[in-house]
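Close look at the chain arrangement
Here are the chains, one letter per residue:
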Amino acid sequence: MSFYKPETVECNGEQFKVLLSQQELENRISEIGEEINRDYADKRPILIGVLNGAFIFLADLMRHISIPCEVDFYKLSSYGDEKVSSGKVQQRKDIDANITGRHVIIVEDIVDTGLSANYIMNIVNRKKPASVEWVTLLKKSEALKYHVDIKYVGFEIPTLFVLGYGLDYAQEGRNLAQIYVLDGELPEEGEKTD
Ligand code: PRP
């Protein structure tokens, strides 16, 4: 199968270049899958993806999970079509599963300020699950404003606008097979950053 993975790409009139390659993503996602297999053997976890962004990561992660598991989805929106969060989370879809007494793993593409994660923790905890853990492909540590404990982190990244592999810019770019960053935001190799 061949995936869409150019070295540079234009999206909504702006140039992006590769930050994380398809191979780097595949390797790390396989490792996280193995960790979940070990940590959740006999627990039949339910993975809850946060739409839209998490759909590709969740699909690939699940294919590395070899223990019995289930899947469901929340749909939230905080960014609209902008590059920065609106600061307001809106729930657009609830889960269908009854998660009371279940081991829940919430799956995000990115945790940025932590606002969405906090919002979800509040609604999930009210349903009295046996346990709740988070897995996110990307985490912008320096942008975190709302504390959230994340057990499985794919990659810690600087506070940059990223695109691809489920992440969008005004709804475009989710189909890219790699993670991209705005050209010019990432220092070139050897470039002085201070
Ligand atoms: C993105 C992402 C997370 C959230 C992270 O969703 O998928 O859910 O923002 O940001 P935060 O930590 O500052 O809350 P977005 O609102 O862009 O919707 P989308 O997943 O449909 O693209």
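Note: the structure precedes this text.
Residues numbered from 1 in each chain as written. Predicted model: local features only at pLDDT ≥ 70, side-chain atom pairs only at ≥ 80, totals over all residues. Heavy atoms only, no water.

What follows deals with the nonpolar core. Counting 28 residues, the largest nonpolar core has L61, L137, L138, V162 and I179 as the members making the most contacts within it. Those elements that place two or more of their residues in this core are β2 (14-20), α1 (22-39), α2 (55-62), β6 (103-111), β7 (131-139), β8 (152-156) and β10 (179-182). Take this core: its biggest share by element is four residues, from α1. Residues in contact with L138, not counting those within four places in the same chain, are L20, D109, I110, V111, F155, I157, V162, L167 and I179. (Core = buried A, V, L, I, M, F, W, Y, C linked by side-chain atoms within 4.5 Å. Buried < 20%, exposed > 50% of the residue type's maximum accessible area, 1.4 Å probe, protein only. Helix = DSSP H or I, 4+ residues; strand = E, 2+ residues; numbered from the N terminus. Contact = heavy atoms within 4.5 Å.)

The volume enclosed by the second largest pocket comes to roughly 330 Å³. Contributing to the lining of the second largest pocket are 15 residues, with F3, Q22, D60, R63 and Y165 lying nearest its centre. Only α1 and α2 provide two or more residues apiece to the lining of the second largest pocket. Top element by residues in the lining of the second largest pocket is α1. It accounts for four residues. (1 Å grid on protein atoms, 1.4 Å probe; cavity = no way out; pocket = protein on both sides within 12 Å on 5 of 7 lines; lining within 4 Å. Points joined across faces, edges and corners; volume = space filled by probe spheres on them.)

Attention now goes to the packing of aromatic side chains. On inspection of all chains with the given rule, the structure shows three aromatic pairs. Plain terms: the ring middles of F16 and Y169 are 6.2 Å apart, the flat faces sit at 65° to each other, and that makes the pair edge-to-face. You can see F16 sitting in strand β2 and its partner Y169 sitting in the loop between β9 (162-163) and β10, a full 153 residues away along the chain. The class for F16 is buried, based on a relative accessible area of 0%. Y169 sits in the buried class, given a relative accessible area of 11%. Counting every residue linked through ring pairs, the aromatic cluster contains F16, F161 and Y169. The residue whose ring lies beneath K43 is Y40, and the NZ or CZ to ring-centre distance is 5.6 Å. (Phe/Tyr/Trp six-rings, centres within 6.5 Å; stacked < 30°, edge-to-face > 60°. Lys NZ or Arg CZ within 6 Å of the ring centre and 35° of its normal.)

Let us look at helix α3 (residues 115-125). By the burial criterion, the buried members of α3 are L115, S116, A117, I120, I123 and V124. Looking at the buried side of α3, the elements it contacts are β3 (46-51), β4 (70-77), β5 (90-93), β6 and β7.

A few words on unusual backbone geometry. The step from L51 to N52 runs through a cis peptide bond, and the omega angle for that step is 5°. Position of N52 among the secondary structure elements: in the loop between β3 and α2. In this structure, D42 is a non-glycine residue whose phi angle is positive, near 70°. In this structure, D42 sits in the loop between α1 and β3. Looking at D42, the relative accessible area reads 83%, which means it is exposed.

Once that is clear, we can look at the site of the ligand. Taken together, 18 residues lie around the ligand, and S78, E108, D109, T113 and S116 are the ones closest in. Between an oxygen atom of the ligand and a main-chain N or O atom of G114, the distance comes to 2.8 Å. In this structure, an oxygen atom belonging to the ligand sits 3.1 Å away from a side-chain N or O atom of R174. About the coverage of the ligand: the protein hides 94% of its 500 Å² of free accessible area. Mapped onto the shell around the ligand, the elements with two or more residues apiece are β4, β6 and α3. Considering each element in turn, the shell around the ligand owes the most residues, four residues, to β6. Counted by class, the shell around the ligand contains six nonpolar, seven polar and five charged residues. (Near = heavy atom within 4 Å. Polar contact = N/O pair within 3.5 Å; in protein donor to acceptor, adjacent residues only side chain to side chain. Areas by Shrake-Rupley, 256 points an atom, 1.4 Å probe, with all protein chains shown as cover. Nonpolar A, V, L, I, M, F, W, Y, C, P; charged D, E, K, R; others polar.)

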